[in-house]
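So you can see what is in the structure, the chains are spelled out below.
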Amino acid sequence: MTTTENTATTAPAKRSLFRSEAAQKLLAFGALIVIFIFFSLASPYFLTKDNVIGILLATAVNGVLALGVTFVIITAGIDLSVGTVMTLAAMTTAVSITVWGLPIPLGILVGLLTGMLAGAINGVVIARMKIPPFVATLGMMMIARGLALVIPAAIFGSVRPVYFNDHPIFGQIMMGSLVGKLLPSLPIPNAVLILFGAALVAAFLLAKTVFGRYTVAMGSNEEATRLSGINVANWKTLVYAVGGLFSGLAGVMIASRLSSAQPGLGAGYELDAIAAVVIGGTSLSGGEGTILGTLIGAFIISTLTNGLRILGVPQEWQFVITGVIVILAVYLDILRRRAR
Amino acid sequence: MSDILLVMEEIDKSFPGVRALDQARFELRAGEVHALIGENGAGKSTLMKILAGVYSKDGGRIIYQGKEVEIPSPRAAQDLGISMIHQELNLMPHLTLAQNVFVGREPRQGLRFVLDEKQLNAQTQALFESMRLRLNPRTKVADLTVATQQMVEIAKALSFNSQVLIMDEPTAALTEAEIEELFRIIRELRDKGVGIVYISHRLEELKQISDRITVMRDGRYVGTEDAATIPIERIISMMVGRTIYESAPEVPEEASATIVLEARHLNRGHVIKDVSFQLKKGEILGFAGLMGAGRTEVARAVFGADPLDSGEIYVHGKKANIKHPRDAVRHGIGYLSEDRKRYGLALGMDVEANIVLASFQKFLGKLGVVNKGKTHETGEHYVEALSIKTPSLQQRVKNLSGGNQQKVVIGKWLTADTDVLIFDEPTRGIDVGAKSEIYHLLNQLAQQGKSIIMISSELPEILRMSHRIVVMCEGRITGELSAAEATQERIMTYATQRRVLMAENGASEHSGAQEV
Ligand SMILES: Nc1ncnc2c1ncn2[C@@H]1O[C@H](COP(=O)(O)OP(=O)(O)OP(=O)(O)O)[C@@H](O)[C@H]1O
Ligand SMILES: [Mg+2]
């Protein structure tokens, strides 16, 4: 310990502030604040209680989807099926409650399991059959979309939405407000609580558990992970299954939000979810990413959509602007990495 | 001493187009260091990967502690008490040192799936201390030098407390001091009864550290000898299957006076400090120094791979504005990276594509279509000239043995026809036969009027090859020697000429790393 020769010293470890991970979160968070300030100045309707609650609500479903996708992207994978799997889960929940008459908690469980099963199948196809994630989940995206149409067609003889008319309480899961009961001036819908609850669970999984550790390890260097004696195929399958579980949760949420399962809905949601993850600083090449980042990314997207709508920007242009933001966010991230 | 721990017999293994192992044999006793040597592509790594559960064997038996065993996965090998340090670095750059060392065996708390990070860091700290490594378990691997990463790999392998420890070229990236420390650890383990397999191309090391030596050639077992009694020449002839081997140092030519490349007052952070040097036409300029002296950093800066804070580079007397490797290549400068996996090769592409990669324009026909015939010819030429061991030009480079990958990189820059070639540790991980070919090649290139900068940590190599030697220490040039005046001692004196002030700086930087 006394001789300097015998020590392998660390490389210069001075991190510029711009480069550190904390800075990345600050960057995304800063962007969110800037967007908020901009819209507040641009429109008097933006920074009102109702509107902010509206933004929170609008983030809920996409946010939960993005949480699941974060795990997948950290392994250097991708999941294109989350949107339609969400729809399928909404459909199985709706059918099991309104058609089979299952109690609501069991119906919710059916939805969650649907998502998880779809994810697990993705995982097996990717990890065991060695199909690239892009292709495997593209396939699952189509399969889930098809099933979400097939199920009502088989039951009702035609493709139509399934409504929760006899179960008004089901809608309350999302739109009711526990917070509002305690603090009547703050009627934050439960959907937002569910989002934050799910985010907490996800953050715990990623940072504190073996599952999270191996997720990062696989994304950082899959071969090294395998050589360390870790069963990469099993853990990867689990990652996709967990991603699917979050899609299942999103399915239950959207069914509750709309008090119905809409069979045609869902395509395109995966892109918003992936965008949120990427804006939040998760690297598509794997190995790094945070739940907080994803959460901020999801809020950036819904805040933009909301603000632009208030300013009267047509929807077509909203897409364009969101697209530019996604590219900018990733470019900033690349600059940050290069700064080392 | 003589209880046999492990026997591998009649092991066969084929890869598409390659018979990597053909009735290979290996025996290991408890409490011995057993060196496994052979030319590049002889099958050393493959044989040991079978033992470590990475590859499955096509045929043969493994008898471990008296019983025949199957080793289907790395986990199975770990459970048997067999661990391996791989030739390629196998760490996860985004994780911390502690997270890397104990990946797969993390201490848990309360619920079975919750990590105990505190315990993890404490265990790693204790492990590092037992190895006299001053490293912070919380540092990320991406922030370490290659040499330090190698020490971490070694720490990881040690933490298994295995009965069998396989080291595949562990010293390739280490400094003398680190090698000393490694040898101390190896001897300690040997005395505890651990069987150690030691793969290395540094033949001088073998006599120092090993008890027995097994030689392989072309996937076959050649023989096993006592390390103490066998002469080096005999080992070499067993390896290459022929006795002819010239090792007489080649006398450096007098280089002409034209200055091809000149660097003036280069500075970059605290890794390059006021570095100036000149490179003449037809000269081999050796860059000596300890690992981390800043030689690679200078090379990368000259090549435009890293930005400079200040300083100027002149090529053929004209100021060159090199901001990007592209600019360097345009000015006729080529760089052979020390970390060929990361910077030197497109691993997924085949041998031919890699060889012509840096000089594609040369192979374009009238319509901008690649002239396949010409690339093929060039590929063939270099495979032969450098004796690259590959079943075909269409083999993917990642399937070549480590040493043959290095030769492909050399072929690539030779094709690019550059005037100035910077070789960064060109013979790391290369067997004796190939080494002397590469030396021969460097001399030939110099005679043809190319100018060469050779960075090497092996003093005999520097002494043998260089016309002039520049020695670096801690980012500065601390001395310059002509071939005539250079000796190992003189180089080492310059290489360790630390500034007292610098040493203190170094210490405070280190504590800086602790708080990350
Ligand atoms: N995964 C693979 N796929 C195809 N061929 C392979 C693979 N791994 C090794 N080989 C081939 O098997 C042979 C033996 O390679 P191996 O890596 O065992 O050599 P080595 O003795 O370790 O050489 P070196 O000293 O260069 O590391 C080589 O011809 C190599 O090209
Ligand atoms: Mg090898």
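## Some points on the coordination of the magnesium ion (ligand 2)
For a metal bound by four donors in a tetrahedral arrangement, the ideal donor-metal-donor angle is 109.5 degrees, while six donors in an octahedral arrangement ideally sit at 90 or 180 degrees.
Residue and element names in this part refer to chain B.
Then, in step 1: Looking at the magnesium ion (ligand 2), one finds its protein donor set to be Ser-45 (OG) and Gln-87 (OE1), positioned 1.9 to 2.1 Å from the metal centre. Here Ser-45, found in helix α1 (residues 44-51), pairs with Gln-87, found in the loop between β6 (82-85) and α3 (97-101); they are 42 residues apart in sequence, far enough to count as distant.
Then, in step 2: Take Gln-87: its relative accessible area is 22%, and that puts it in the partly exposed class.

## As for the site of ligand 1
Residue and element names in this part refer to chain B.
Then, in step 1: Taken together, 20 residues form the shell around ligand 1, and within it Gly-41, Lys-44, Ser-45, Thr-46 and His-201 come nearest.
Then, in step 2: With respect to ligand 1, the backbone of Ala-42 contributes an N or O atom lying 3.2 Å from an oxygen atom.
Then, in step 3: Summarising the interface, the protein chains cover 91% of the accessible area of ligand 1, which totals 650 Å² for the free molecule.
Then, in step 4: The element that contributes the greatest number of residues to the shell around ligand 1 is α1, accounting for 3 residues.
Then, in step 5: The residue makeup of the shell around ligand 1, split by class, is 6 nonpolar, 11 polar and 3 charged.
Then, in step 6: Formed jointly, the shell around ligand 1 draws a minimum of three residues from each of two domains, domain 1 (4-240) and domain 2 (259-504).

## Notes on the packing of helix α8 (residues 190-208) of chain A against helix α9 (residues 210-220) of chain A
Residue and element names in this part refer to chain A.
Then, in step 1: Viewed as axis vectors pointing N to C, α8 and α9 meet at an angle of 70°, and their least axial separation amounts to 5 Å. By the angle between their axes, α8 is roughly perpendicular relative to α9. In terms of crossing hand, the pair formed by α8 and α9 is right-handed. Contact residues: α8 offers Leu-205, Leu-206, Ala-207 and Lys-208, while α9 offers Val-210, Phe-211, Gly-212, Arg-213 and Val-216.
Then, in step 2: When its residues are assigned to classes, the contact of α8 with α9 shows 6 nonpolar, 1 polar and 2 charged.

## Examining the pairing of β6(B)
All names here are of chain B.
Then, in step 1: Residues Ile-82 and Met-84 line one face of β6 and the alternating positions Ser-83 and Ile-85 line the opposite face, and both faces are buried.
Then, in step 2: When β6 meets strand β9 (residues 164-168), the two strands line up parallel, connected through 4 bridges. Looking at the pairing, Ile-82 lines up with Val-164 of β9.

## A few points about the sheet that holds strand β3 (residues 33-37) of chain B
Strands belonging to one sheet form pairs held by backbone hydrogen bonds; the direction of such a pair is parallel or antiparallel.
Residues and elements named next belong to chain B.
Then, in step 1: Spatially, the 6 strands line up as an open sheet ordered β6-β9-β10-β3-β11-β12, and their pairing is mixed. Either end of the sheet is taken by a strand with one partner, and the two such strands are β6 and β12 (220-226). Each neighbouring strand pair of the sheet contributes to a mean axis angle of 20°, computed without reference to strand direction.
Then, in step 2: Sheet topology places β9 next to strand β10 (residues 195-199); 5 bridges connect them, and they run parallel. When the bridges of β10 are listed, Leu-165 appears paired with Ile-196.
Then, in step 3: Strands in contact with helix α8 (residues 232-240) are β3, β11 (212-217) and β12; relative to β11, the strand with the most contacts, it is inclined by about 30°.

## Considerations on α8(A)
Residue and element names in this part refer to chain A.
Then, in step 1: Compared with the 27 Å implied by 1.5 Å per residue over 19 residues, the 26 Å span of α8 between its first and last C-alpha is a close match.
Then, in step 2: Within α8, burial applies to Asn-190, Ala-191, Val-192, Leu-195, Ala-198, Ala-199, Ala-202, Leu-205 and Leu-206.
Then, in step 3: Lining the buried residues of α8 we find α2 (49-74), α6 (168-175), α7 (178-182), α9, α11 (232-258) and α13 (291-310).

## Concerning the packing of aromatic side chains
Each aromatic ring pair is described using two quantities: the centre-to-centre distance and the angle formed by the ring planes.
Then, in step 1: Across all of its chains, the model carries 13 aromatic pairs over all chains by this definition.
Then, in step 2: A centroid spacing of 5.3 Å and a plane angle of 40° characterise the contact between A:Phe39 and A:Phe46, whose relative ring orientation is tilted.
Then, in step 3: Three or more aromatic residues joined by ring pairs form one cluster here, namely A:Phe36, A:Phe38, A:Phe39 and A:Phe46.
Then, in step 4: Lying across the ring of B:Tyr221, B:Arg25 places its NZ or CZ 4.3 Å from the centre.
Then, in step 5: Its end group placed over the ring of B:Phe160, B:Arg105 keeps NZ or CZ at 3.7 Å from the ring centre.

## Digging into the confidence of the model for chain A
Residue and element names in this part refer to chain A.
Then, in step 1: Of all residues in chain A, 91% attain a pLDDT of 70 or more, and the chain-wide mean is 89.
Then, in step 2: Within chain A, helix α4 (residues 104-127) carries the highest mean pLDDT (97), whereas helix α14 (residues 315-338) carries the lowest (81).
Then, in step 3: Across residues 1-19, where pLDDT falls below 50, the model places 46 contacts with residues more than four positions away in sequence or in other chains.

## So, the environment of A:Ala255
Then, in step 1: Here A:Ala255 lies in helix α11.
Then, in step 2: Sequence-wise, A:Ala255 and A:Thr87 are 168 residues apart; in three dimensions their C-alpha atoms are separated by 8.4 Å.

## Section: the nonpolar core
Then, in step 1: In terms of nonpolar packing, the biggest core is built from 87 residues, with A:Leu67, A:Phe71 and A:Phe246 touching the most fellow members.
Then, in step 2: By residue number, the principal contributor to this core is α2(A), which donates 15 residues.
Then, in step 3: With near-sequence residues (within four places) excluded, A:Leu67 lies in contact with A:Leu195, A:Ala198, A:Ala199, A:Ala202, A:Phe246, A:Ile291 and A:Thr294.
Then, in step 4: If you look at the next biggest cluster of nonpolar residues, it comprises 69 residues, including B:Val315, B:Tyr382, B:Leu442 and B:Ala486.

## Observations regarding the environment of B:Leu174
Then, in step 1: Mapping B:Leu174 onto the fold places it in the loop between β9 and α6 (176-191).
Then, in step 2: Sequence separation between B:Leu174 and B:Leu290 is 116 residues; the distance between their C-alpha atoms is 9.2 Å.

## Quick word on the sheet that holds strand β14 (residues 272-280) of chain B
All names here are of chain B.
Then, in step 1: Sheet architecture is open: 4 strands sit in the order β14-β13-β16-β17, paired in antiparallel fashion. Only two strands of the sheet have a single partner each, and these edge strands are β14 and β17 (318-320). The mean inter-strand angle of the sheet, taken between neighbouring strand axes irrespective of direction, is 20°.
Then, in step 2: The pairing of strand β13 (residues 259-268) with β14 spans 6 bridges and is classified as antiparallel.

## Regarding the packing of helix α12 (residues 269-279) of chain A against α13(A)
Residues and elements named next belong to chain A.
Then, in step 1: One can describe the packing of α12 onto α13 by two numbers: an axis separation of 7 Å at closest approach and a directional angle of 120°. On the basis of their axis angle, the class for α12 and α13 is oblique. Pair α12 / α13 crosses with right-handed handedness. On the side of α12, the interface is formed by Asp-272, Ala-275, Ala-276, Val-277 and Ile-279, while α13 contributes Gly-293, Thr-294, Gly-297, Ala-298, Ile-300 and Ile-301.

## As for a nonpolar patch on the surface
Then, in step 1: On the surface, A:Trp317, A:Phe319, A:Val320, A:Val324 and A:Leu328 cluster together into a nonpolar patch covering about 540 Å² of accessible area.
Then, in step 2: Turning to its location among the elements, A:Val324 is positioned in helix α14.

## Some thoughts on helix α4 (residues 117-130) of chain B
Residues and elements named next belong to chain B.
Then, in step 1: The terminal C-alpha atoms of α4, which comprises 14 residues, lie 20 Å apart, in line with the 20 Å expected from a rise of 1.5 Å per residue.
Then, in step 2: Along α4, the positions that sit buried rather than exposed are Leu-120, Asn-121, Thr-124, Leu-127 and Phe-128. Take α4 and look down its axis: the buried residues cluster within an arc of 125°, on one side only.
Then, in step 3: At the exit of α4 stands Arg-132, carrying a positive phi of roughly 60°.

## Structural notes on the pairing of strand β20 (residues 451-455) of chain B
Then, in step 1: β20(B) sits mainly inside the fold: 5 of its 5 residues count as buried.
Then, in step 2: At this point the chain moves from strand β19 (residues 420-424) of chain B, through helix α15 (residues 432-447) of chain B, to the parallel β20(B), and the crossover so formed is right-handed.

How each quantity is defined
- Residues numbered from 1 in each chain as written.
- Chains lettered and ligands numbered in written order.
- Predicted model: local features only at pLDDT ≥ 70, side-chain atom pairs only at ≥ 80, totals over all residues.
- Heavy atoms only, no water.
- Donors = N, O, S within 2.8 Å, 3.2 Å for Na, K, Ca; no water.
- Helix = DSSP H or I, 4+ residues; strand = E, 2+ residues; numbered from the N terminus.
- Buried < 20%, exposed > 50% of the residue type's maximum accessible area, 1.4 Å probe, protein only.
- Near = heavy atom within 4 Å.
- Polar contact = N/O pair within 3.5 Å; in protein donor to acceptor, adjacent residues only side chain to side chain.
- Areas by Shrake-Rupley, 256 points an atom, 1.4 Å probe, with all protein chains shown as cover.
- Nonpolar A, V, L, I, M, F, W, Y, C, P; charged D, E, K, R; others polar.
- Domains from an automatic or database assignment.
- Axes fitted to C-alpha atoms, helices over the stretch in contact; angles between N-to-C directions.
- Parallel < 35°, antiparallel > 145°, perpendicular 65-115°, else oblique.
- Left-handed = near helix turned anticlockwise from the far one by under 90°.
- Contact = heavy atoms within 4.5 Å.
- Pairing = 2+ DSSP bridges.
- Expected span 1.5 Å × (residues − 1).
- Phe/Tyr/Trp six-rings, centres within 6.5 Å; stacked < 30°, edge-to-face > 60°.
- Lys NZ or Arg CZ within 6 Å of the ring centre and 35° of its normal.
- pLDDT = per-residue confidence, 0-100.
- Core = buried A, V, L, I, M, F, W, Y, C linked by side-chain atoms within 4.5 Å.
- Patch = residues over 30% accessible without salt bridge, like charges linked within 9 Å, V, L, I, M, F, W, Y side chains within 5 Å.
- Salt bridge = Lys/Arg side-chain N within 4 Å of Asp/Glu carboxyl O.
- Arc of directions from axis to C-beta.
- Right-handed = clockwise from strand over helix to strand, strands pointing away.

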